[in-house]
Every structure is written in structure tokens, then in C-alpha cells.
Amino acid sequence: MTKKIKLELLNLLKNIVKIDTCFPPGNSKKFAEFIISYLKNSGLDIKTFGIDNEKINVVASAHKGSNRSIVFNSHIDTVRPIISEWKSNPFDLKIEKNYSYGLGAVNCKGSAAVHLYLAKNFKRLFPNIKENVDFTFVTDEENLGPDGTKYLRKIKAIKPHTLILGAPTNNNVIIEERGVFWLEIEVFGKTAHAGEPHKGINAIDKSARIINKLNNEFKKILKKYNVGNQISTINVGIVTGGENVNVVPYKTKVVIDRRITHKENVKKAFNEIKSYILKIDKSAKIKFITGTNPFKSNKSNIYLKELSKSKRLITGKKLEFLSSIGVSDGRYFADDNINIINIGPGSGSEGHKSNEKIINKDLVDYFYLLENFLLKF
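Residues numbered from 1 in each chain as written. Predicted model: local features only at pLDDT ≥ 70, side-chain atom pairs only at ≥ 80, totals over all residues. Heavy atoms only, no water.

Student: Explanation requested: the nonpolar core in the structure shown.
Tutor: Looking at soluble globular proteins, one finds that nonpolar side chains tend to be buried together. In terms of nonpolar packing, the biggest core is built from 57 residues, with Phe72, Phe135, Phe367 and Phe373 touching the most fellow members. No other element matches the nine residues that helix 9 (residues 360-375) contributes to this core. Among the nonpolar cores identified, the runner-up in size contains 23 residues, and Leu214, Phe218, Ala269 and Ile277 belong to it. (Core = buried A, V, L, I, M, F, W, Y, C linked by side-chain atoms within 4.5 Å. Buried < 20%, exposed > 50% of the residue type's maximum accessible area, 1.4 Å probe, protein only. Helix = DSSP H or I, 4+ residues; strand = E, 2+ residues; numbered from the N terminus.)

Student: Please clarify how the packing of helix 3 (residues 109-120) against helix 9 should be interpreted in this entry.
Tutor: If you want to describe how two helices pack, look at the angle between their axes and the distance between the axes. Contact pair helix 3 / helix 9: the axes reach a minimum separation of 10 Å and the direction vectors enclose 40°. By the angle class used here, helix 3 and helix 9 are oblique. For the element pair helix 3 and helix 9, the recorded crossing hand is right-handed. In this structure, helix 3 uses Gly110, Ser111, Val114, His115, Tyr117 and Leu118 to contact helix 9, whose residues at the interface are Leu363, Tyr366, Phe367 and Leu370. Looking at the contact of helix 3 with helix 9 residue by residue, the class counts come to seven nonpolar, three polar and no charged. (Axes fitted to C-alpha atoms, helices over the stretch in contact; angles between N-to-C directions. Parallel < 35°, antiparallel > 145°, perpendicular 65-115°, else oblique. Left-handed = near helix turned anticlockwise from the far one by under 90°. Contact = heavy atoms within 4.5 Å. Nonpolar A, V, L, I, M, F, W, Y, C, P; charged D, E, K, R; others polar.)

Student: Sorry, what's going on with the packing of aromatic side chains here?
Tutor: Here the distance between the centres and the angle between the planes together describe a pair of aromatic rings. The full count for this structure, using the stated rule, is 13 aromatic pairs. Between the aromatic rings of Tyr117 and Phe367, the centroid separation amounts to 5.4 Å while the plane-to-plane angle is 85°, which identifies the pairing as edge-to-face. Taken as a pair, Tyr117 in helix 3 and Phe367 in helix 9 lie far apart in primary sequence, 250 residues in all. With a centroid separation of 5.0 Å and 65° between ring planes, the pair formed by Phe367 and Tyr368 is classed as edge-to-face. (Phe/Tyr/Trp six-rings, centres within 6.5 Å; stacked < 30°, edge-to-face > 60°.)

Student: Can you walk me through the sheet that holds strand 3 (residues 57-61) in this structure?
Tutor: Whenever strands of a sheet pair, they do so through backbone hydrogen bonds, lying parallel or antiparallel. Pairing in this open sheet of six strands is mixed, and the strands run 2-3-8-4-9-16 from one edge to the other. The sheet is open, and its two borders are formed by strand 2 (45-49) and strand 16 (339-342), each paired with just one other strand. Ignoring strand direction, the axes of neighbouring strands in this sheet form an average angle of 20°. As paired elements, strand 4 (residues 69-75) and strand 9 (residues 160-165) share five bridges and run parallel to each other. By the bridge assignment for strand 9, Asn73 is matched with Leu165. Helix 9 rests against strand 4, strand 8 (133-138) and strand 9 of the sheet, and its axis sits at about 165° to strand 4. (Pairing = 2+ DSSP bridges.)

Student: Quick question: what am I supposed to make of the pairing of strand 13 (residues 251-260) here?
Tutor: Here is the key point about a regular strand: its side chains alternate between the two faces of the sheet. Most of strand 13 sits inside the fold, with eight of its ten residues counted as buried. Judged from the ten bridges that link them, strand 11 (residues 179-188) and strand 13 form a sheet pairing that is antiparallel. Bridge assignment links Ile185 to a residue of strand 13, and that residue is Val254. Two strands pair when backbone bridges link them, and strand 12 (residues 233-241) and strand 13 are joined in this way by eight bridges, in the antiparallel orientation. Along strand 13, the bridge assignment pairs Gly241 with Thr252.

Student: Looking at this structure, how should I read the packing of helix 1 (residues 2-17) against helix 3?
Tutor: At a minimum axis distance of 9 Å, the contact between helix 1 and helix 3 shows a crossing angle of 120°. Overall, the two elements helix 1 and helix 3 adopt an arrangement that is oblique. The crossing of helix 1 and helix 3 is right-handed. For the pair helix 1 and helix 3, the contacting residues are Ile5, Glu8, Leu9, Leu12, Leu13, Ile16 and Val17 in the first and Lys109, Gly110, Ala112, Ala113, Val114, Leu116 and Tyr117 in the second. Taken together, the residues that form the contact of helix 1 with helix 3 break down as eleven nonpolar, one polar and two charged.

Student: Is there a simple way to explain helix 9 in this structure?
Tutor: Since there are 3.6 residues in each turn of an α-helix, residues three or four apart along the chain are aligned in direction. Over its 16 residues, helix 9 runs 23 Å from end to end, which matches the ideal 22 Å to within 8%, given 1.5 Å per residue. The element helix 9 is largely enclosed, with a buried count of 14 among its 16 residues. (Expected span 1.5 Å × (residues − 1).)

Student: Could you clarify how one ought to interpret the sheet that holds strand 14 (residues 285-292) in this entry?
Tutor: In space, the four strands of this open sheet follow the order 12-13-11-14, with antiparallel pairing throughout. Because the sheet does not close on itself, it has two edges, and the strands there are strand 12 and strand 14. For this sheet the average axis-to-axis angle between neighbouring strands, irrespective of direction, equals 15°. Where strand 11 lies against strand 14, seven bridges are found, and the strand directions are antiparallel. The residue of strand 14 that forms the bridge with Glu184 is Lys287. Packing against the sheet, helix 6 (residues 203-222) makes contact with strand 11, strand 12 and strand 13, and its axis sits at approximately 15° to strand 13.

Student: How should I be thinking about the pattern of salt bridges in this particular structure?
Tutor: Under the definition given, this model contains 19 salt bridges. Between Lys14 and Asp92 there is a salt bridge, with its nearest N and O atoms 2.7 Å apart. One end of the pair, Lys14, is in helix 1; the other, Asp92, is in the loop between strand 5 (78-79) and strand 6 (94-95), and 78 residues separate them in sequence. One salt bridge connects Glu96 with Lys94, and the closest N-O pair in it is separated by 3.5 Å. Looking at Lys94, the relative accessible area reads 37%, which means it is partly exposed. Each of the salt bridges in this network shares a partner with another, and the network as a whole consists of Glu186, Lys251 and Lys253. (Salt bridge = Lys/Arg side-chain N within 4 Å of Asp/Glu carboxyl O.)

Purely geometric numbers; function is a separate question.
What follows is the structure in C-alpha cells.
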């Protein structure tokens, strides 16, 4: 039976890796069409949602009504591959004995394949289940954008009491994440001829001073927010500006990524850095782009306990609690007081990596782990 499941899961993964869902632009319409076809005879209630007609999210429900549920979430958009670095076609899953190589195989089409297989066979596998269960297949995760899981939460298309995200964790769990927000700084100068730079005010120089202060002084301030291995960080990700090389630049833009720990919240952290920047340059314009608070789930919740038992039963190994360097779609529910659990096949270090590979055994174990987990309810 295990061999049959392995072949079916890898074949399904091969089919969905073929579908280009790269961000940019992160279009998922063809993927949604595949899901609708694949789940046609599943007996589940299949609905699609999207602000953008090309960015479609699918919700497959195993229950009626608006009661809260266990939601299995996987994002199906991927980063765009650097073709020259790939040893094989990133859109054609290369299946070997222990590993399979393909774009999104780990992040996160591997978990999507397992969730799809569970959804297709849900009525057969769990005829007596008492829990309400939803499966969501979403886009816009790689963009930290508003059109995926955030939109489903906003319109109440899903109401989880427990959100299980198919993140690559080697089938261990992440139950806490730092918060994140992005901000944009506009810095202004005064144009002049490059032959007489003293007659102008160089916006790039002003930006450089802000960046230098943030990297050398503000970083020290952030240390007070560190909690264990959760580090409060700042990263200057984008700098643009200047009109022409022979002109003293009038305006620059700097985009910054801030990761915050459980000692912080987005609103206060944004106001803190804004005040700091304005002390350096009072004419700067600072804009909040997007952001969410950190979350931390209760280790003693029943769903996490049962997942732990299932992990030990299926793999013979104890469930490990991992630290996250990134953020998941669970962050949109950070203030909702629900259980948020990241668990999925493959190593997180493979995500966004050329020649991305998933461990075939992880994929199969993930199926049996979730099957065993759901049978308890």
C-alpha cells in the first residue's frame, strides 16, 4: 500500500509542478482549474475566491455551514526559477529513488499534493469524522500579498479554530513566528548640475546616512527585544533613486524589512523606527506598506498533542519544535487566538533554492501522519 501511495503522490506532485504559478505575477487560475477537475467526484464542496481573476484561491470543504474548522492550508505560488542554475527542467519533476527535484516541490507543492490527495479521498478515508475540515489552496504567499489567505480570512471563507499550514519542516512543527512589516522611506534633496554638486543636496547621500545609522545604531536598540532564539531584525532590501548620473539626485526610496519578536507589536515597532528616522531627517516621508504581529500557539492544545502522537507512530521519532526564519500565512490569524501549526514534508532550506528537492519518504510520511491524525476525530 505504501508503494502505491508513494507513486500516486509523486505523480500528483509531478502534475502540479508542471503548472507555472511563479511570482511575479503569482497567477493561479490554471492551478485552480486543475484542483476543480481533480476534486470533481470527491463529494466536497468546492468554491473559488479571488479579487484578481488570475489569482484564484480554492476552498474544499468537508462540512456545511459556517462553524469553525480544522483548516489545512498550502500555498501554491512559487518564486521564479533562475533557469541557468537548474540542472533539470524546474517545471518537470525529476523523480529519483530518495529525492524528487522540481520548482515548488518543497515550498509548498509537496504539502499541496498531500492535501489534495486527502481531499479527493476524504469521504472514503474518514467516513465517521466529527470535526469540520477545510482544505485551502492559495496564492499570493510569496508576495506577502492581500489576495490569498488574507483575503479568505477577510471575507470569512474560512473560520479556523486550528490552522495547519503545509510548510516544509521535515514533518516537525513550527508554532511560533516573529511578526513582520515593511516600510518605505522617501528621502528628498535638491537637484543641481553634477559639475557643481555643492549647489545641490544629494538625496542618495542623505539616504546613506539614514541606512548607516539604522545598521550601526538602531540595530543595537533592537537587542532589547530579543527573546531566546527569536531575534528582532532590520534589513534594507531595496534602494532606488537618482535621475541621471550627471544630476545631483532629488529623491530616493528605501524599503525596509523589520522582523519583530513577542516583546513587540507592529504598530509600536513602526512608530519607533519612524521616530528614529525623522530625528535623522525630518523631511523624510515614511510609509507603512504591510505587516502582521508575531504569533505563538499553545503547546498543550489537543490538536498539537495528537499530531505529536501521530508523528511518533508513523515515523518512530519524537516531534521537534523548530524555529522559523521566515513567515507563513498563519500570521494573518496572529490576533485571532487560534491554534497555528506549521508542518510539512521537506527541508525549509530547500525553499527558494535552485534544484529544489523534496525527500520522497517525507512526502509519504506526511500523508500517513495526517491520515492518522484525522482518524482520531
